Amino acid sequence: MTNLYIQKLEKYGSGSYLASDVTVLLDIVDKDAVADVPVSQKEALIQSGQRHYSDMLTLEAAPTAMHEQLYSQALTQGTTRTATDIANLAYTLHNTFEQAVNAERPLVLVSLVRAGLPIGVLLQRALTDQSSSYALPSVHYGISIIRDRGLDPVALQMLLDAYPNSPIVFVDGWTGKGAIYQELARSLEAFSDPSHVHFANIFHQSTFDQSTFGQGTVNNTTVIPLLTLADPAGVAWLSASEEDWLIPSGLLNSTVSGLISRSLYTEPQSGLHRSVFYDNLVAVDHSLAFINHINAARRSLSTPPQCLPTYQQPRYQTAELINKLAADYAITNRNRIKPTIAEATRAILRRDPERILLATAEHPDTVLLRHLCAQRNINISVLGDKILPYQAITLIKQRSKDS
């Protein structure tokens with residue numbers, strides 16, 4: 001029966017990635033069937049409470065020449081770091097799960113669409129690289145998670161049905177405030193009872209995490225297995241670092257994420273969350289080129305991989321900072337605060353920003369941010385170490401009294 005479920009999963013696409021890289025469990029709809037909502041109108045609808053952000057989409061245009069140039073610079077600058085981080089993450093997964101998985105019950109990587117997709121694909125390439133010291137039986141899927149609405153329960157159940165004896169690890173690109181972590185934790189509460197048939201698929205750390213094996217405390221069995229490339233918020237179970245740095249894939253949107261749009265909500269009884277495939281952007285797609293470039297760099301690393309620490313509980317190390325920013329700028333809706341270079345940049349491109357907060361006026365990692373601010377006449381405030389560990393934070397413009 002499990003094989004039948006897996007065959008059903010294979011009918012879903014991979015965006016512009018290879019079929020061996022990922023299966024994306026989304027209902028791909030034609031972009032002509034989705035209303036193209038201008039940013040200013042979308043912002044007003046979101047903040048007034050009339051519409052949820054996941055009910056609307058502003059269709060993407062091709063990146064500008066300047067945007068492309070800055071991506072190329074970020075890729076050149078960040079290739080070795082990204083490759084090293086992926087190798088270290090893969091090595092840690094190998095050490096954690098090698099005794100628990102095999103070809104019949106592989107590790108299931110579940111990337112959170114969209115920012116998790118490039119990282120998940122890179123990890124899948126690393127884990128399936130038989131020439132490496134960290135090869136591990138694994139499969140990779142992408143599923144939707146939406147703030148306030150959670151993880152797509154239909155997609156998750158499909159994976160649990162297909163891989164009933166496999167551990168699952170969730171993959172994201174980075175953490176900002178920790179909001180997606182909290183959404184993930186809420187979505188997984190239903191499985192947290194040790195008597196639940198799928199408890200061990202998700203809450204498996206006391207069994208598979210060698211650093212905590214045998215301790216048997218409640219905390220060790222309820223770890224949310226979230227993996228990220230960068231974790232400034234301090235909430236991930238496993239991350240390559242807690243720094244806010246210029247992750248190359250954080251600078252682009254669909255053109256480095258398999259040409260897939262941000263996901264749109266669908267009621268569970270109606271099926272999977274939806275997404276648009278941007279077939280009009282094929283000519284400027286970097287998704288596979290990015291993967292191939294970083295993967296080649298990983299394979300040519302001369303330094304041996306290192307085992308990274310794992311955490312049993314979120315630390316929420318930036319919660320106090322977020323609280324202070326909310327008080328200083330009279331923000332009652334924390335969703336208007338978008339920390340990290342990646343989120344701050346994406347917010348400028350997709351939302352209506354009021355101002356940008358920077359730790360350093362001339363930091364090379366914020367060149368695109370500052371360029372976009374100059375283009376759109378957005379105010380910049382340089383606050384130094386007051387906003388560390390974040391290098392950049394976008395504050396979304398208030399559109400209604402209760403936002």
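Above this text sits the structure in question.
A. Seen up close, the pairing of strand S7 (residues 226-230). A large share of S7 lies buried, amounting to 5 of its 5 residues. As judged from the 4 bridges shared by strand S6 (residues 168-174) and S7, these two strands associate in the parallel manner. Opposite Asp 172, over in S7, you have Thr 228 as the bridge partner. Two strands pair when backbone bridges link them, and S7 and strand S8 (residues 238-241) are joined in this way by 3 bridges, in the parallel orientation. Its bridge partner being in S8, Thr 228 is matched across the sheet by Ser 239.

B. Region of interest: helix H12 (residues 341-350). The element H12 is extensively covered by neighbouring structure, given that 7 of its 10 residues are classed as buried. Of all the residues in H12, the buried ones are Ile 341, Ala 342, Ala 344, Thr 345, Arg 346, Ala 347 and Ile 348.

C. How the structure looks around the packing of aromatic side chains. Throughout the structure, instances matching the rule amount to 4 aromatic pairs. Taking NZ or CZ as reference, Arg 315 lies 3.7 Å from the ring centre of Tyr 311, over its face.

D. Representation of the side chain of Ser 254. Tracing the backbone through its elements, the reader meets Ser 254 in the loop between S8 and strand S9 (274-276). Looking at Ser 254, its side chain comes within polar contact range of the side chain of Glu 60, at 2.9 Å. Every residue in contact with Ser 254, bar those within four places of it in the chain, is listed here: Glu 60, Arg 114, Leu 259, Ile 260, Tyr 278, Leu 281, Asp 285 and Ser 287.

E. Main features of unusual backbone geometry. For the bond running from Val 113 to Arg 114, omega is 15°, close enough to zero to count as cis. Among the secondary structure elements, Arg 114 is positioned in the loop between strand S3 (107-113) and helix H4 (116-127). With an omega of 15°, the peptide bond running from Leu 388 to Pro 389 counts as cis. Along the chain, the position of Pro 389 falls in the loop between strand S12 (379-382) and strand S13 (392-396). The backbone of Ala 330 shows a phi angle near 50°, a positive value even though the residue is not glycine.

F. Up close: the pairing of strand S11 (residues 353-358). In terms of strand pairing, S11 meets S13 through 5 bridges, oriented antiparallel. Opposite Arg 355, over in S13, you have Leu 395 as the bridge partner. Direction of pairing for S11 relative to S12: parallel, over a ladder of 4 bridges. The residue of S12 that forms the bridge with Arg 355 is Asn 379. As for the winding sense of the linkage, the β-α-β connection from S11 through helix H13 (residues 367-376) to S12 is right-handed.

G. Examining the pattern of salt bridges more closely. Taken as a whole, this structure holds 15 salt bridges when the rule is applied. Residue Lys 397 pairs with Asp 352 through a salt bridge whose shortest N-O separation is 3.7 Å. On the criterion of sequence distance, the pair formed by Lys 397 in the segment after S13 and Asp 352 in the loop between H12 and S11 is long-range, its members being 45 residues apart. Look at Lys 397 and you get partly exposed, because its relative accessible area is 33%. Between Glu 362 and Arg 370 there is a salt bridge, and its shortest N-O distance comes to 3.5 Å.

H. A look at the sheet that holds S13. Within the open sheet, the 4 strands sit side by side as S10-S13-S11-S12. Their pairing is mixed. Sheet topology places strand S10 (337-339) and S12 at the edges, where each strand pairs with a single neighbour. Recorded for the sheet is a direction-independent mean angle of 20° between the axes of neighbouring strands. On top of the sheet, helix H11 (residues 319-328) reaches S10, S11 and S13; it is set at about 140° to S10, its chief contact.

I. A look at the packing of helix H3 (residues 65-97) against helix H10 (residues 287-299). The interhelical angle for the contact between H3 and H10, taken along N-to-C directions, is 50°, at an axis separation of 8 Å. What the angle tells us is that H3 and H10 run oblique. The interaxial crossing formed by H3 with H10 has right-handed handedness. On H10, the residues that touch Tyr 71, Leu 75, Thr 79, Thr 82, Ala 83, Ile 86 and Ala 87 of H3 are Phe 290, His 293, Ile 294, Ala 297 and Arg 298.

J. Molecular detail of the environment of Asp 279. Tracing the backbone through its elements, the reader meets Asp 279 in the loop between S9 and H10. Judged by relative accessible area, Asp 279 falls into the partly exposed class, the value being 43%. The sequence separation of Asp 279 and Ser 16 amounts to 263 residues, and the corresponding C-alpha distance is 9.2 Å. Engagement of the side chain of Asp 279 in a polar contact is seen with the side chain of Lys 31, the distance being 2.6 Å.

K. Main features of the packing of H3 against H4. Contact geometry for H3 and H4: axes closest at 9 Å, N-to-C directions at 60°. Comparing their axes, H4 and H3 come out oblique. Remark: the crossing between H3 and H4 carries right-handed chirality. In contact with Thr 82, Ile 86, Leu 89, Ala 90 and Leu 93 of H3, H4 contributes Ile 119, Leu 122, Leu 123, Ala 126 and Leu 127. Classifying every residue of the contact of H3 with H4 gives 9 nonpolar, 1 polar and no charged.

Rules used in this analysis
- Residues numbered from 1 in each chain as written.
- Predicted model: local features only at pLDDT ≥ 70, side-chain atom pairs only at ≥ 80, totals over all residues.
- Heavy atoms only, no water.
- Buried < 20%, exposed > 50% of the residue type's maximum accessible area, 1.4 Å probe, protein only.
- Helix = DSSP H or I, 4+ residues; strand = E, 2+ residues; numbered from the N terminus.
- Pairing = 2+ DSSP bridges.
- Phe/Tyr/Trp six-rings, centres within 6.5 Å; stacked < 30°, edge-to-face > 60°.
- Lys NZ or Arg CZ within 6 Å of the ring centre and 35° of its normal.
- Polar contact = N/O pair within 3.5 Å; in protein donor to acceptor, adjacent residues only side chain to side chain.
- Contact = heavy atoms within 4.5 Å.
- Right-handed = clockwise from strand over helix to strand, strands pointing away.
- Salt bridge = Lys/Arg side-chain N within 4 Å of Asp/Glu carboxyl O.
- Axes fitted to C-alpha atoms, helices over the stretch in contact; angles between N-to-C directions.
- Parallel < 35°, antiparallel > 145°, perpendicular 65-115°, else oblique.
- Left-handed = near helix turned anticlockwise from the far one by under 90°.
- Nonpolar A, V, L, I, M, F, W, Y, C, P; charged D, E, K, R; others polar.

The analysis is restricted to geometry; functional conclusions fall outside its scope.
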